[in-house]
Amino acid sequence: MKLLIVAVGQRVPDWAQTAYEDYAKRFPPELKVELRAVKTEPRGSKSLETLYAAERERIEAAIASGAGRGARVVVLDERGTSLSTHALAGRLKDWQLGGNDVALVIGGPDGLDPALRQSAHERIRLSDLTLPHAMVRVLLIEQLYRAWSVNAGHPYHRQ
């Protein structure tokens, strides 16, 4: 199984890239993690609907090429379901048992296209706080690693 993280926005600070890579290399071979950054649509005088449509196309293309059309799509959404670490570990176990790749989608500065949010298999929230996009990448991969460690009985997670 593969976890594909699709993030709108291509530039992140070096510290965020370093932290992301540190967690990505910790995953076992049977649970691959891949990041696909897609271009943020230039703002200019474009309508929000135009911005959403352009970014949605890029996101869908990244999912199709990175995880395939049968992938389970999970979007990060401020109105999504709040999960504890153990609840995320349970979801990760279910995803693995399901056998399909999972695409986790991080929106751009304006969020995600409402139709994409609605069509996703799941909507989850990482925090009630507003977080910078670079931090979201790091927080997401760290929590996925922590969820894997809970399921594996690894001592990384302590209660």
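Worth saying up front: this structure is predicted, and the values here are computed from it rather than measured.

Novice: Whenever I open this one, the pattern of salt bridges confuses me. Can you help?
Specialist: Pairing is possible between side chains of opposite charge, provided their charged atoms come close. As enumerated under the stated definition, the model contains 16 salt bridges in all. Of the charged contacts, one joins Glu-41 and Lys-46 as a salt bridge, the two residues approaching to 2.5 Å between their closest N and O atoms. Residue Lys-46 is classed as partly exposed on the basis of its relative accessible area of 38%. Here Glu-78 and Arg-79 are joined by a salt bridge, their closest N and O atoms 2.7 Å apart.

Novice: Just checking my understanding: could you explain the pairing of strand 3 (residues 72–82) for this structure?
Specialist: With 4 bridges joining them, strand 3 and strand 4 (residues 102–106) adopt parallel strand pairing. Considered in strand 4, the bridge of Val-75 is made with Val-105. With respect to chirality, the unit in which strand 3 leads through helix 3 (residues 85–98) into the neighbouring parallel strand 4 is right-handed. Bridge count for strand 3 against strand 5 (residues 122–125) is 5 bridges, and the pairing is parallel. Paired with Leu-76 across the two strands is Ile-124, which belongs to strand 5.

Conventions adopted
Residues numbered from 1 in each chain as written. Predicted model: local features only at pLDDT ≥ 70, side-chain atom pairs only at ≥ 80, totals over all residues. Heavy atoms only, no water. Salt bridge = Lys/Arg side-chain N within 4 Å of Asp/Glu carboxyl O. Buried < 20%, exposed > 50% of the residue type's maximum accessible area, 1.4 Å probe, protein only. Pairing = 2+ DSSP bridges. Helix = DSSP H or I, 4+ residues; strand = E, 2+ residues; numbered from the N terminus. Right-handed = clockwise from strand over helix to strand, strands pointing away.

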